[in-house]
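# Inside the fold
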Amino acid sequence: MKKKVLLIVIDALATRVVEPALEQGWLPNLSKLIDQGVFRSECTSIFPSITPAATCTIATGAYPFEHGISGAYWYDRTKDEVAFFGSDLTAIMNEGMGEYLNDFQIKLNMERLLVPTIFELIEQHGTLSDAVINYMWYRGTVTHETTTPLLLNLTPGVELAESMQGPHTMFLGDFVSTPLYGSLPSARGGLSHRFGFHDDATADYLLALSQQKCFSDFTLAYFPNNDFVSHEKGPTYAVDILQAVDETLGSLIESEGGIARFLEEFAILITGDHSQSDLDADSGVDLNEVLQEFQLVTAGKPWSNSEELMVCPNMRSAQIYLQSGIWEHRRDVIQRLLKCPDIDQIIWCDDDHGLNGSKQPGFHVVTSDRGQLVFKPAVEKKRDGVDCYGTPWLWEGNLEAVDAQVDSDGLITFETYPNAFERIATCFSQQTGNIWITARLGKEFCLPDLKCNPSGSHGSLHCLDSTAPLIAAGLPTDFELPEHLRLTDITPICLQLLGVESFRKPGASAILEPYPRQD
């Protein structure tokens, strides 16, 4: 009999914060799990390393060019509309509160997401059950009635859907709650707890599942608070949030009869969607000012006839959309960006559709101080090197642009920007901007109507934005985790533990084994 699989995602879980906390004894229940299992210090995020796109990768095993989620803020070319999933009130009001909430509640999962979720793959199996707690990616085959909090009911222009499609058991804040044995579990919610999208509510639902013996074969639980506090105070000052999650794990383990009984019943995996780096006191890089020679679209608004550029900041990265006539003169935009000392890398692709296009594209990285580089996957025997996932690559220019090295055997390794080739190549699609830029450490992109975070941020290729740990326990004795873990490996690992076939094996190249095209 296979064990139940419990996947816990702690937003912005940073290895550089977790390791010292473990050494200090501040996370005793995580330490118990590590003693009985494994701790991997590097589980590399995607690019952009930002929550909507990265959590989507965890729930699908796909990269952005496959799943269609291009960050937290992008322009949907097919619908001629802005997709915004940040928390900045000005951009939300520009989009419209009703549209923003409807996009978050329904369109994000039902229209924008291009590949199946792990819940859909499990439900196709036919005999397994699944559950979600407070995770923004929930699409499944079961219809759940929704409730609308009173405050939102009173908000003009807000009309939420009456039902949502999710897994068998579904808890989404104050909006969806599956009865357990005929009664709804009690969870802390309301405005003070972000309408239930809060660690306290996640803890309440997890413990209710345990106490009522209602755990599904697969459960995905999400703890969001660490990200909020890391933004506000800085990643190293959010340890108390991790301690509270650790206490919840202790209560869960105790409810299941202790660590030995718990691991007889469960295989547990704990990771984050990205990490966070520290911001300078004066961190904001105003892209309106940087690109003042051009006409820019107002944040959150769609195109009108007069604008030349649309800039979509994604914290420490940003995508820049150019009108077709301007794209032909992109060198003017690139040269202007190179003059900004706070921009680290300027990145673009030969094909607007990236790897989804009809030709073999090249990917360009330009820096002001480390030269420039063009690289692409090698489709024939000729190659300049191979990465740790077996993908062969060709390149011209300076590898210092992505801090890469090649050893005598032709193995490419990346230090400051982990897995840079694969992450850049898999971020471009028909939905992304013509140009991506990343910020230097300590800096974050903004527009006049968008505020910057006070202390911590993420979104770039940098290791400090992109490196979460993976803690796993209760795995079968013959189960082998990939040597070089990525977020794209999480869904394949969970499916493998459940005995469900995955489209891509853990550790496989996303370039050599892309997700099957969806009709």
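Note that this is a predicted model, so its numbers are computed, not measured.

### Observations regarding the nonpolar core
One finds Phe218, Leu291, Leu337, Phe421, Ile435 and Ile437 to be the most contacted residues of the largest nonpolar core, which totals 122 residues. Aside from chain neighbours lying at most four places away, what touches Leu337 is Val290, Leu291, Ile320, Ile343, Ile346, Ile435 and Ile437. Grouped together as the second largest cluster of nonpolar side chains are 39 residues, Leu6, Ile34, Leu263 and Ile270 included.

### Remarks on the pairing of strand 13 (residues 309–314)
A large share of strand 13 lies buried, amounting to six of its six residues. Here strand 13 shows a buried face lined by Leu309, Val311 and Pro313 and a second buried face lined by Met310, Cys312 and Asn314. Relative to strand 14 (residues 317–322), strand 13 is paired through six bridges, and the arrangement is antiparallel. Bridge assignment links Val311 to a residue of strand 14, and that residue is Ile320. If you look at the hairpin formed by strand 13 and strand 14, you'll find two residues sitting between the two strands, and Met315 has a positive phi there, around 60°.

### Remarks on the packing of helix 7 (residues 118–125) against helix 18 (residues 490–498)
With their axes 11 Å apart at the nearest point, helix 7 and helix 18 run at an angle of 20° to one another. Considering their axes alone, helix 7 and helix 18 lie roughly parallel with respect to each other. The chirality of how helix 7 crosses helix 18 is right-handed. Residues Ile118, Leu121 and Ile122 of helix 7 touch helix 18, and the partners they reach there are Thr491, Cys494, Leu495 and Leu498. Split into classes, the residues belonging to the contact of helix 7 with helix 18 amount to six nonpolar, one polar and no charged.

### Considerations on the packing of helix 2 (residues 28–36) against helix 11 (residues 239–255)
Contact geometry for helix 2 and helix 11: axes closest at 7 Å, N-to-C directions at 60°. Classified by the angle their axes make, helix 2 and helix 11 are oblique. Contact residues: helix 2 offers Pro28, Asn29, Leu30 and Leu33, while helix 11 offers Asp246, Glu247, Leu249, Gly250 and Ile253. Within the contact of helix 2 with helix 11, the residues separate by chemical class into five nonpolar, two polar and two charged.

### Thoughts on the sheet that holds strand 24 (residues 456–457)
Taking strand neighbours across the sheet as the criterion, the three strands line up as 23-12-24 in an open arrangement whose pairing is mixed. This sheet does not close on itself; its edge strands, each paired only once, are strand 23 (442–446) and strand 24. Inspection of the sheet shows strand 12 (residues 277–286) paired to strand 24 by two bridges, in the antiparallel sense. Within the sheet, the bridge partner assigned to Ser277 lies in strand 24 and is Ser457.

Conventions adopted
- Residues numbered from 1 in each chain as written.
- Predicted model: local features only at pLDDT ≥ 70, side-chain atom pairs only at ≥ 80, totals over all residues.
- Heavy atoms only, no water.
- Core = buried A, V, L, I, M, F, W, Y, C linked by side-chain atoms within 4.5 Å.
- Buried < 20%, exposed > 50% of the residue type's maximum accessible area, 1.4 Å probe, protein only.
- Contact = heavy atoms within 4.5 Å.
- Helix = DSSP H or I, 4+ residues; strand = E, 2+ residues; numbered from the N terminus.
- Pairing = 2+ DSSP bridges.
- Axes fitted to C-alpha atoms, helices over the stretch in contact; angles between N-to-C directions.
- Parallel < 35°, antiparallel > 145°, perpendicular 65-115°, else oblique.
- Left-handed = near helix turned anticlockwise from the far one by under 90°.
- Nonpolar A, V, L, I, M, F, W, Y, C, P; charged D, E, K, R; others polar.

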